[in-house]
Amino acid sequence: MQRRHVLAGLSLPWWAFNALASDAAQALRQGGCTVLIRHAQTTPGVGDPKGFRLDMCVSQRNLNDEGRAQARRMGKWFQAQGLKPRVVKSSNWCRCKETANLAFGKHLVWPALNSIFEDRASEPQQTADLRAALRRIEAGSFEAWVTHQVNITALTGEASAMGEGLVVDASGSIIVRTTFS
């Protein structure tokens, strides 16, 4: 299944979104892939406030009410499809952990998913870690990784919207994009 659907900036009818979600479900059932999820909608801004701390959510840019609803809709989509990730991994940023918890009810913090926005020095190693982990996911299972746009771009070469999911194969290529609607 080597198809790509780019949603950013397009206005599609409802049935097109349903078809994309169906493609995503089919790809995840086949496994050997991950669904990269950019954290759900946040309060306005870029990056985090100056002096933010990972151990203090109040110091970070966090999910807003729409983001929380968006994350819950993701979870409902996975449940409706009968899909359960083998593992849910998240960046240590609160917006990612909250997205994972609201969508899947759990997460494991994985430093390879931590934002590289402020410091690109770790980008080569983190991206190499993601690629190595992708190659280890077996057919018939998939993982969910909740991370940041800059990390998704580093891995795939493409940007993503908040709350968007990209099903990525073992080579790091995007199979399908979806908003889980």
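Structure's up top.
Just so we're clear, the structure is a prediction, and the values are computed from it rather than from any experiment.

1. Observations regarding the packing of aromatic side chains
Stage number 1. Tallying each qualifying case throughout the model produces five aromatic pairs.
Stage number 2. Look at Trp110 and Trp145: their rings are 5.1 Å apart centre to centre, the planes differ by 70 degrees, and that puts the pair in the edge-to-face class. Residue Trp110 is found in the loop between strand S3 (108-109) and helix H4 (123-136), and its partner Trp145 is found in strand S4 (residues 142-147); the two are separated by 35 residues along the sequence. Here Trp110 and Trp145 have matching classes, each one buried.
Stage number 3. Clustering of aromatic rings is evident, with ring pairs tying together Trp77, Phe78, Phe104 and Phe142.
Stage number 4. The ring of Trp110 carries the charged tip of Lys89 above its face, separated from the ring centre by 4.2 Å.

2. Some thoughts on the state of the cysteines
Stage number 1. Counted according to the given criterion, the structure contains one disulfide.
Stage number 2. Cys96 takes part in no disulfide bond, and the closest cysteine sulfur, belonging to Cys94, lies 9.3 Å away.

3. A few points about helix H2 (residues 65-81)
Stage number 1. Compared with an ideal rise of 1.5 Å per residue, which puts 17 residues at 24 Å, H2 spans 25 Å between its outermost C-alpha atoms and is within 8% of the ideal.
Stage number 2. Put simply, Asn64 is the residue that caps the front of H2, since its side-chain oxygen is 3.1 Å from the backbone nitrogen of Glu66.
Stage number 3. Of the residues one or two after H2, Gly82 is the one with positive phi, at around 70 degrees.

4. Structural notes on the layout of surface pockets
Stage number 1. Volume-wise, the largest pocket comes out at about 220 Å³.
Stage number 2. As for the largest pocket, its lining consists of 17 residues, of which Arg38, Gly47, Arg61, Arg95 and Phe117 are closest to the centre.
Stage number 3. Grouping the constituent residues of the lining of the largest pocket by class yields six nonpolar, six polar and five charged.

What counts as what
For every chain, the first residue of its written sequence is number 1, and the numbers climb from 1 along that sequence. With pLDDT at 70 or above as the cut-off, local features in this predicted model cover only qualifying residues; side-chain atom pairs require 80 or more to be listed or tallied, and sums for whole chains, interfaces and linings still use all residues. Only hydrogens and water are set aside; all other atoms, that is, all heavy atoms of the structure, feed into the side-chain values. Here a Phe, Tyr or Trp ring, Trp counted by its six-membered ring, pairs with any other such ring whose centre lies within 6.5 Å, and the pair is stacked when the planes are under 30 degrees apart, edge-to-face when over 60, and tilted otherwise. Numbering of helices and strands runs from the N terminus, with a helix taken as a DSSP run of H or I at least four residues long and a strand as a DSSP run of E at least two residues long. Only protein chains enter the area calculation, which uses a 1.4 Å probe; residues under 20% of their type maximum are buried, those over 50% are exposed, and those in between are partly exposed. Two conditions define a charge sitting above a ring: the NZ of Lys or the CZ of Arg must be within 6 Å of the ring centre, and it must be within 35 degrees of the ring normal. By disulfide we mean two sulfur atoms from cysteines, separated by a distance within 2.5 Å. Every helix has an expected span of 1.5 Å times one less than the residues it contains. Polar contacts, as counted here, are pairs of nitrogen or oxygen atoms within 3.5 Å of one another; within protein the pair requires one atom able to donate a hydrogen and one able to accept it, and residues that are adjacent in sequence qualify only if both atoms are side-chain atoms. Throughout, the protein atoms alone are placed on a 1 Å grid, and a set of points is a cavity if a 1.4 Å probe fits but cannot get out or a pocket if it is open with protein on both sides within 12 Å along at least five of seven lines; lining residues have an atom within 4 Å of a point. Grid points are joined across faces, edges and corners, and a volume is the space filled by probe spheres set on the points. Just so you know the grouping, Ala, Val, Leu, Ile, Met, Phe, Trp, Tyr, Cys and Pro go in nonpolar, Asp, Glu, Lys and Arg go in charged, and all remaining residues, Gly too, go in polar.

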